[in-house]
Amino acid sequence: MATKKTQRKTAPRPRASANSNANSKDGKFRRVLGVFAHPDDPEFGAGGSMAKLAADGANVTYVIVTDGSQGGEDPKQKDSELKAIRMKEQRAAAKVLGVKKVEFLGYKDGHLAHDLKLRRDIVRMIRKHKPELVITHIPGRVLDAPMGGSHPDHIAVGEATMAAVYPDSRNPRAFRGLLKQGFQPHVVNEVWIPYWTLGDYYVDISKTLDKKLAALKEHQSQVAKPGMEWDVDKWIRKRSRDIGKKAGYRYAESFKRIKV
Ligand SMILES: [Zn+2]
């Protein structure tokens, strides 16, 4: 008993309980949750890894926080029309990658702030899907990367998701209304953040790059905007090759990997 007490006192921080949700013995993830601001974000940031995780047996779910209604160039297009297109595109892209389910939280595109409502809604998703691994945006502005990555909605979702992972998803005293709705506390083990410039964890996507490219093609409203055509394949191949060189893979995606 004394030993146990001593161990507890010297333990530096709370740990997941033994029976919570450790990765299976083979080191593979069983449940993965991607939390992203807009339709197409998970494919751009982590599509190759999502496909790989799914192929390795993980049940992968996306949470898409906004409705994507500002992802267009025509101010006259009805929001309802663009929203429907983007949901359809996101579901099709997820299917290409083997992602089982897409949850849409329906927040207005471009209007996100890291507030308690957003955090609570993400806690609800984490408690519902019980992921071992959460993949989400960088929780802050990266000044040495292209501006597009630091979209204010991305920053809001990154920060709200980090706060949802720790401490709120695991804390039974946080958002107690969720308990009444049946959402029990859950401990997430890891967070991966797509990080093209400073990632320190590389996933070999040589076998899933084609799926990533095919999934991106499903986002026709984004990759083929009239007057803004761009060669997504070429751009993604080059970026994946450049990242792969750092890790000795033909193609790779890079992440900041955080053990919770
Ligand atoms: Zn986005």
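Preceding block: the structure.
A brief report on the enclosed structure follows. The structure displayed is predicted, hence computed values, not measured ones.

Some details on the overall build of the protein chain
Within the protein chain, the secondary structure is distributed over 9 helices and 7 strands. Per-residue burial over the protein chain gives 43% buried out of 260 residues. Across the protein chain, the fraction of contacts at a sequence separation of at least 24, relative to all contacts at a separation of at least 6, is 79%.

Points about helix 9 (residues 232-247)
Across its 16 residues, helix 9 extends 23 Å between first and last C-alpha, which sits within 8% of the 22 Å expected from 1.5 Å per residue. Looking at the buried residues of helix 9, the elements they touch are strand 6 (201-204), helix 7 (209-217) and strand 7 (252-259).

What to know about the sheet that holds strand 3 (residues 101-107)
The strand order across the open sheet built from 7 strands is 3-2-1-4-5-7-6, with neighbouring strands paired in mixed fashion. Looking at the sheet topology across the chains shown, the edges are occupied by strand 3 and strand 6. Adjacent strand axes in the sheet meet at a mean angle of 25° when their direction is disregarded. Sitting on the sheet, helix 3 (residues 79-97) is in contact with strand 2 (59-66) and strand 3, with an inclination near 155° to strand 3. The sheet strands contacting helix 4 (residues 116-129) are strand 1 (31-36), strand 2, strand 3 and strand 4 (133-136), and the helix crosses strand 1 at an angle near 165°.

Describing helix 3
A rise of 1.5 Å per residue sets the reference length of helix 3, with its 19 residues, at 27 Å; its end C-alpha atoms lie 27 Å apart and thus fit the reference within 8%. Three or more residues of helix 3 are buried, namely Lys83, Arg86, Glu89, Gln90, Ala93, Ala94, Val96 and Leu97. For helix 3, the angular spread of buried residues about the axis comes to 150°, placing them on one side. Turned more than 90 degrees off the buried face of helix 3, the exposed positions are Ser80 and Glu81. Where helix 3 is buried, its residues meet helix 2 (41-55), strand 2, strand 3, helix 7 and helix 8 (220-223). Once helix 3 finishes, Gly98 follows within two positions and takes phi at roughly 85°, a positive value.

Cut-off values and rules
Residues numbered from 1 in each chain as written. Predicted model: local features only at pLDDT ≥ 70, side-chain atom pairs only at ≥ 80, totals over all residues. Helix = DSSP H or I, 4+ residues; strand = E, 2+ residues; numbered from the N terminus. Buried ≥ 20, exposed ≤ 12 C-beta atoms within 10 Å, placed from the backbone. Contact = placed C-beta atoms within 7 Å. Expected span 1.5 Å × (residues − 1). Pairing = 2+ DSSP bridges. Axes fitted to C-alpha atoms, helices over the stretch in contact; angles between N-to-C directions. Arc of directions from axis to C-beta.

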